[in-house]
Amino acid sequence: MKIKTIKIGYTMEDAKEILLKRSNKFSILKTKMLYYPYLKIIFIIKTSKFANAKRFNGHVVCTVDMVTGRESLAKSHGNLEDIEVEDCFVMPSKISEEDARKRAALFIGMVVMQKVKVLKIPTVTNIEDEIIYRPFYIVHCKNDTQEDFFLMFDAVTGQFTPLDTMIQNVNKK
């Protein structure tokens, strides 16, 4: 399957090295790649001529998490590349692109209204959108008491977080 992904900043070996430097009280058993889906949307925002909203008059990039539906502002268009991956490494979307577009437009309108403190919803026009994937490493670990746990390591930023226990139990089956 061909996907558009954010370029990796940290290799799998980098991830292992960073995690093991944090603590010597666990071992890494297995590491798998996971590409997580987002809808990236570029909007043109037009606010009223009386609003002090210079930073919002122009292009704004919004991403919508295609699994949870959570919206966020993006700092940039992203450093993207097209790659070929096996389907098993791609997290399936749970919300439709149409739903994501609607959520994003409402989100952007509300953000602009809050930041600029205007009463009228700005004009929000979608000029481009595409599904992109963020690369993560799912790291299966075992602590010094031999309990399994999982970490999700962001291959772009190098940040990591423990995965929810409920997710861990599903992955063990």
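Residues numbered from 1 in each chain as written. Predicted model: local features only at pLDDT ≥ 70, side-chain atom pairs only at ≥ 80, totals over all residues. Heavy atoms only, no water.

(A) View of the overall build of the protein chain. Looking only at helices and strands, the protein chain has three helices and eight strands in total. Counting from the amino terminus, the protein chain carries its helices and strands in the arrangement β-α-β-β-β-β-α-β-β-β-α. By residue count, 39% of the 173 residues in the protein chain fall in the buried class. Put simply, the protein chain shows about 10900 Å² of open surface, and 53% of that area lies on carbon and sulfur atoms. (Helix = DSSP H or I, 4+ residues; strand = E, 2+ residues; numbered from the N terminus. Buried < 20%, exposed > 50% of the residue type's maximum accessible area, 1.4 Å probe, protein only. Areas by Shrake-Rupley, 256 points an atom, 1.4 Å probe, with all protein chains shown as cover.)

(B) Expanded view of the pattern of salt bridges. Under the defined criterion, the tally for this structure stands at 11 salt bridges. A salt bridge links Lys 16 to Glu 13; the nearest nitrogen and oxygen atoms lie 3.6 Å apart. With Lys 16 and Glu 13 both in helix 1 (residues 12–22) and three residues apart, this pair spans about one turn of that helix. Overall, Lys 16 belongs to the partly exposed group, its relative accessible area being 26%. You can call Glu 13 exposed: its relative accessible area is 54%. (Salt bridge = Lys/Arg side-chain N within 4 Å of Asp/Glu carboxyl O.)

(C) Fine view of the packing of aromatic side chains. Applying the stated criterion across every chain yields a total of six aromatic pairs. An angle of 80° between the planes, with centres 6.1 Å apart, marks the rings of Tyr 10 and Phe 153 as edge-to-face. On the criterion of sequence distance, the pair formed by Tyr 10 in the loop between strand 1 (2–6) and helix 1 and Phe 153 in strand 7 (residues 148–154) is long-range, its members being 143 residues apart. Measuring from ring centre to ring centre gives 5.4 Å for Tyr 36 and Tyr 38, while their planes differ by 50°; the resulting arrangement is tilted. As far as the burial class goes, Tyr 36 and Tyr 38 line up, both buried. The structure contains a cluster of three or more aromatic residues connected by ring pairs, namely Tyr 10, Tyr 137, Phe 153 and Phe 160. (Phe/Tyr/Trp six-rings, centres within 6.5 Å; stacked < 30°, edge-to-face > 60°.)

(D) Spotlight on the nonpolar core. Counting 16 residues, the largest nonpolar core has Ile 3, Tyr 35, Tyr 137 and Val 139 as the members making the most contacts within it. Of all the secondary-structure elements, those providing two or more residues to this core are helix 1, strand 2 (26–46), strand 6 (123–143) and strand 7. For this core, the leading source of residues is strand 6, giving four residues. Among residues more than four places away in sequence, those in contact with Ile 3 are Tyr 35, Glu 81, Asp 82, Ile 83, Val 85, Val 90 and Tyr 133. Counting residues in hydrophobic clusters, the runner-up holds 14 residues, among them Phe 43, Val 60, Val 64 and Ile 95. (Core = buried A, V, L, I, M, F, W, Y, C linked by side-chain atoms within 4.5 Å. Contact = heavy atoms within 4.5 Å.)

(E) Layout of the side chain of Lys 142. Relative to the elements of secondary structure, Lys 142 occurs in strand 6. Reaching out from Lys 142, the side chain makes a polar contact with the side chain of Asp 148 at a distance of 3.4 Å. With near-sequence residues (within four places) excluded, Lys 142 lies in contact with Lys 25, Phe 26, Ser 27, Leu 29, Glu 147, Asp 148 and Phe 149. (Polar contact = N/O pair within 3.5 Å; in protein donor to acceptor, adjacent residues only side chain to side chain.)

(F) Molecular detail of the confidence of the model for the protein chain. Overall, the prediction assigns the protein chain a mean pLDDT of 87, with 86% of residues at 70 or greater. Mean pLDDT across the secondary structure elements of the protein chain bottoms out at helix 3 (residues 165–172), with 47, and peaks at strand 1, with 97. (pLDDT = per-residue confidence, 0-100.)

(G) Representation of the environment of Glu 71. The residue Glu 71 is located in strand 4 (residues 71–73) in this model. When its relative accessible area of 22% is taken as the criterion, Glu 71 is described as partly exposed. For Glu 71 and Tyr 38, which are 33 residues apart along the polypeptide, the C-alpha to C-alpha distance reads 9.4 Å. Beyond its immediate sequence surroundings of up to four residues, Glu 71 is in contact with Cys 62, Thr 63, Val 64, Arg 103, Ala 104 and Phe 107.

(H) Molecular detail of the environment of Phe 160. Within the secondary structure layout, Phe 160 lies in strand 8 (residues 160–162). The sequence separation of Phe 160 and Val 139 amounts to 21 residues, and the corresponding C-alpha distance is 9.8 Å. Discounting residues that sit within four places of it in the chain, Phe 160 has contacts with Ile 18, Leu 19, Arg 22, Met 152 and Phe 153.

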